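Structural characterization, general
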Amino acid sequence: MTALIAAGQPQINSGFSGVAPKAKLVAVRPNVSGKQVMGTLHIMEGLDHLFGLALQMQKRIIVNNSWGLFGCKNLILPCRVVITRAIAAMDKTNLILTCWAAGNNNRSCPQPNAYCMNTIPQSVCVGAVDFRRRHHGYSSVGGQCYPLVPTVVAPTGGVLPYGNSWRDFGAQGGGTSACSPQVAGALAILDTAFPQATNAELRAALRAGALPLGSD
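Now for a description of the structure that goes with this document.

Criteria and thresholds
- All chains use their own residue numbering, which begins from 1 and follows the written sequence.
- Side-chain atom pairs in this predicted model are given and counted only at pLDDT of 80 or more, local residue features only at pLDDT of at least 70, and totals for whole chains, interfaces and linings cover all residues.
- Hydrogens and waters are ignored; side-chain quantities use all the structure's heavy atoms.
- Here the rule is simple: two strands pair whenever DSSP picks up at least two bridges between them.
- Helix and strand assignments follow DSSP, with helices taken as H or I runs no shorter than four residues and strands as E runs no shorter than two, numbered in order from the N terminus.
- Between N-to-C directions, angles cover 0 to 180 degrees, with each direction set by a line fitted to C-alpha atoms, over the stretch in contact for helices.
- Residues count as neighbours in contact if any of their non-hydrogen atoms are within 4.5 Å of one another.
- Note on terminology: a nonpolar core comprises buried Ala, Val, Leu, Ile, Met, Phe, Trp, Tyr and Cys residues joined through side-chain atoms within 4.5 Å.
- For every residue, the accessible area (1.4 Å probe, protein chains only) is compared with the maximum for its type, and the residue is labelled buried under 20%, exposed over 50%, or partly exposed between those bounds.
- Note on definitions: the grid is 1 Å and covers protein atoms alone; a cavity is a set of points where a 1.4 Å probe fits but cannot get out; a pocket is an open set with protein on both sides within 12 Å along at least five of seven lines; lining residues have an atom within 4 Å of a point.
- Grid points are joined across faces, edges and corners, and a volume is the space filled by probe spheres set on the points.
- Take the number of residues in a helix, subtract one, and multiply by 1.5 Å to get its expected span.

If you trace the four strands from one edge of the open sheet to the other, you get β1-β2-β3-β4, paired in parallel fashion. Edge strands, defined here as strands with exactly one partner in the open sheet, are β1 (61–65) and β4 (152–155). The mean angle between the axes of side-by-side strands here comes to 30°, regardless of whether they run parallel or antiparallel. Note that β1 and strand β2 (residues 96–101) share five bridges and pair parallel. Pairing of V63 across the sheet is with T98, part of β2. Strand contacts of helix α2 (residues 40–57): β1 and β2, with the helix running at about 160° to β1, the strand carrying the most contacts.

Further remarks concern the nonpolar core. By size, the foremost hydrophobic cluster in this structure holds 19 residues, and its most contacted members are C99, V124, V126, V183, L187 and L206. Among the secondary structure elements, those contributing two or more residues to this core are β2, β3 (123–129), β4, α6 (180–193) and α7 (199–209). A total of five residues in this core trace back to one element, the largest contributor, which is α6. Not counting residues up to four positions away in its chain, the partners in contact with V126 are C99, W100, A101, A102, P150, V152, V153, A154, T176, C179, S180 and V183. One finds F51, L95, W100 and I120 within the second-largest nonpolar core, a separate group that totals 16 residues.

By volume, the second largest pocket is sized at about 910 Å³. Every residue lining the second largest pocket is counted, 33 residues in all, and those nearest its centre are T151, V152, V153, L211 and L213. Within the residue set of the lining of the second largest pocket, elements represented by two or more residues are β3, β4, α6 and α7. With four residues, the single largest contributor to the lining of the second largest pocket is β4.

Most of β3 sits inside the fold, with seven of its seven residues counted as buried. Side chains S123, C125, G127 and V129 of β3 all project onto a buried face; the interleaved residues V124, V126 and A128 project onto the opposite face, where all are buried too. In this sheet, β3 lies alongside β2 in parallel orientation, the contact comprising four bridges. Its bridge partner lying in β3, T98 is registered against S123. In terms of strand pairing, β3 meets β4 through four bridges, oriented parallel. Across the sheet, the residue bridging to G127 is V153, located in β4.

Counted at 1.5 Å a residue, the expected span for α2 with its 18 residues is 26 Å, and the 26 Å between its end C-alpha atoms agrees. In the stretch just after α2, Q58 is the one whose phi turns positive, near 55°.

Before going further, it helps to spend a moment on the side chain of R203. Relative to the helices and strands, R203 resides in helix α7. Note on R203: relative accessible area 12%, which makes it buried. In this structure, R203 is in contact with D91, L97, P121, Q122 and V124, ignoring residues within four places of it in sequence.

Take a look at the structure:
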C-alpha cells in the first residue's frame, strides 16, 4: 500500500500512478523479537541503516512511517527519549526527513494522542480527512509530547481505523497509513525540485502550500 501510494508506476501497476512515480524506493523491514514485537532497538537499526545509506549517497532520504505503536498510555521512556532524540539529531544533517502517520487512536483512547516520535517538530505528522475535507474520527489529534499535530492532513476514502492495513486498503483505503505516503511522495517531489533546501524549509513549503481547513 505504501509503495503504491508514494511511487506507483502506471506501466507496472495496472495504470495506478503514485504521487511521485519517479521516486526511488528503499524498503526497510526491521527485525522483530520472538514474540513478533518491534521495539526501540529494531526501530533504531532501521533508522541507522537509512542514515548510512543517505551518507553513502549524499542524498536526502524521505522516511515514510505508516505505522504507530498502538495503545492509549504514554510510551515507555526509551521510545520517548531515544527515538525522538535520534530523529532530531539526524534531521540536523538534512539527509533524513521523517514523515509519520498520525495514528488511529482517536476513537478508542480517553485522551486521543499521537506518539512522541510522530509529533516532534522535526517530523511531518499526517492526519486523515475524507474527500470532503472533514476530519476522520479515527485520526489522532494532539500529541503526547508536542500538541500541535497533525502537521498536515491528506484525504482517504476509507473509514476503517484498525486491523490489517492491506485488508483496509483493499476494502476502502482507510487509516492514516494511507495518508502518510501521499505526503511522503509530495516531499520527494519538493526535494527533487529544491535539493539544496533544508528539511525545515521543505516542511515550511509543505505547510505553506497546503489548503487551510480551519482552526479545528
